[in-house]
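One letter stands for each residue in the lines below.
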Amino acid sequence: MASRGGQQQQQGEAVDLGTLSAQQLSAVKKQLDGEVEHLSSSYAQLAAAQAKFKECLRVVKSGSSSLDKDKSVLVPLTNSLYVKGRIADPDRVLVDVGTGFFVEKDTKSAAEFYEAKVKELAGNIQGLEGIVQAKTNNLRVVEEVLRQKVLAQSGSGAAAPAAS
């Protein structure tokens, strides 16, 4: 069954759910549950990253015009630890380009970088949304077929002793 499900995913083959046993349907349902949970978690992470980039973009766009040279600011080192610092050049910022690497950019280039990231993540989120919806629909179909199989089995099991 597992290899059959794996083939279905890799090759996109359709399987007639009516031919599967209740045990096989339960396994398919469990697999789809795991996939939907994982994809939903990925969706939430992408949305959080997009919100972070949007906030960075907002700060870069509004911050440079409102900051004075040598103005005192709090610099975040972690989510809960800030240190006092001074702005040396309000038109230059450090941009986190990933995996702990920072690049110094002018505010215009930094804004363009963050806009591109927000746009890229929006596309990824939109694509993932479609995948989650498709998997959720597949899960509903499997659950319905499984429910019908269980009802049919319990119905035929109850009818057999009554006929005796």
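Predicted, not measured: the structure shown is a model, and the values here were computed from it. (Residues numbered from 1 in each chain as written. Predicted model: local features only at pLDDT ≥ 70, side-chain atom pairs only at ≥ 80, totals over all residues. Heavy atoms only, no water.)

Novice: Can you walk me through the side chain of Lys135 in this structure?
Specialist: Mapped onto the elements, Lys135 comes out in helix α3 (residues 107–163). For Lys135, a relative accessible area of 19% puts it in the buried group. In terms of polar contacts, Lys135 uses its side chain to reach the side chain of Glu35, at 2.7 Å. (Helix = DSSP H or I, 4+ residues; strand = E, 2+ residues; numbered from the N terminus. Buried < 20%, exposed > 50% of the residue type's maximum accessible area, 1.4 Å probe, protein only. Polar contact = N/O pair within 3.5 Å; in protein donor to acceptor, adjacent residues only side chain to side chain.)

Novice: Looking at this structure, I do not really get the pattern of salt bridges. What am I missing?
Specialist: Side chains that carry opposite charge are capable of pairing whenever their charged atoms lie near each other. As enumerated under the stated definition, the model contains seven salt bridges in all. Across the pair Lys135 and Glu35 runs a salt bridge whose closest N-O atoms are separated by 2.7 Å. In this pair, Lys135 is assigned in helix α3 and Glu35 in helix α2 (residues 22–66), connecting sequence segments 100 residues apart. Note that Arg92 and Glu104 form a salt bridge whose closest N and O atoms lie 3.1 Å from each other. Placement of the pair is Arg92 in strand β3 (residues 92–98) and Glu104 in strand β4 (residues 101–106), with a sequence separation of 12 residues. Taking relative accessible area as the criterion, Glu104 reaches 51% and is therefore assigned exposed. One salt-bridge network, in which partners are shared between bridges, spans Lys29, Asp33 and Glu143. (Salt bridge = Lys/Arg side-chain N within 4 Å of Asp/Glu carboxyl O.)

Novice: What is the right way to look at the pairing of strand β2 (residues 82–86) in this model?
Specialist: Two faces, one strand: in a regular strand the side chains alternate between the faces of the sheet. Inspection of the sheet shows strand β1 (residues 72–76) paired to β2 by five bridges, in the antiparallel sense. Counted as the bridge partner of Pro76 is Tyr82 from β2. What sits between β1 and β2 in their antiparallel hairpin is a turn of five residues. (Pairing = 2+ DSSP bridges.)

Novice: I tried to follow the environment of Thr107 on my own but got confused; where do I start?
Specialist: Among the secondary structure elements, Thr107 is positioned in helix α3. Overall, the relative accessible area of 16% leaves Thr107 in the buried class. Expressed as a C-alpha distance, the spacing of Thr107 and Val59, which sit 48 residues apart in the sequence, is 9.9 Å.

Novice: Hey, could you run me through the packing of aromatic side chains in this one?
Specialist: Ring pairs (aromatic) are described by centroid distance and by the angle formed between their planes. Applying the stated criterion across every chain, the model contains two aromatic pairs. Both rings, one in Phe53 and one in Tyr114, keep their centres 5.9 Å apart while their planes meet at 40°; by these two values the pair is tilted. A residue pair is termed long-range when its members are at least 10 positions apart, and Phe53 in helix α2 and Tyr114 in helix α3 qualify at 61 residues. Per residue, the accessibility class of Phe53 equals that of Tyr114, and both read buried. On the numbers, 5.4 Å between centres and 70° between planes, the contact of Phe113 with Tyr114 is edge-to-face. Each of the two residues, Phe113 as well as Tyr114, counts as buried. (Phe/Tyr/Trp six-rings, centres within 6.5 Å; stacked < 30°, edge-to-face > 60°.)

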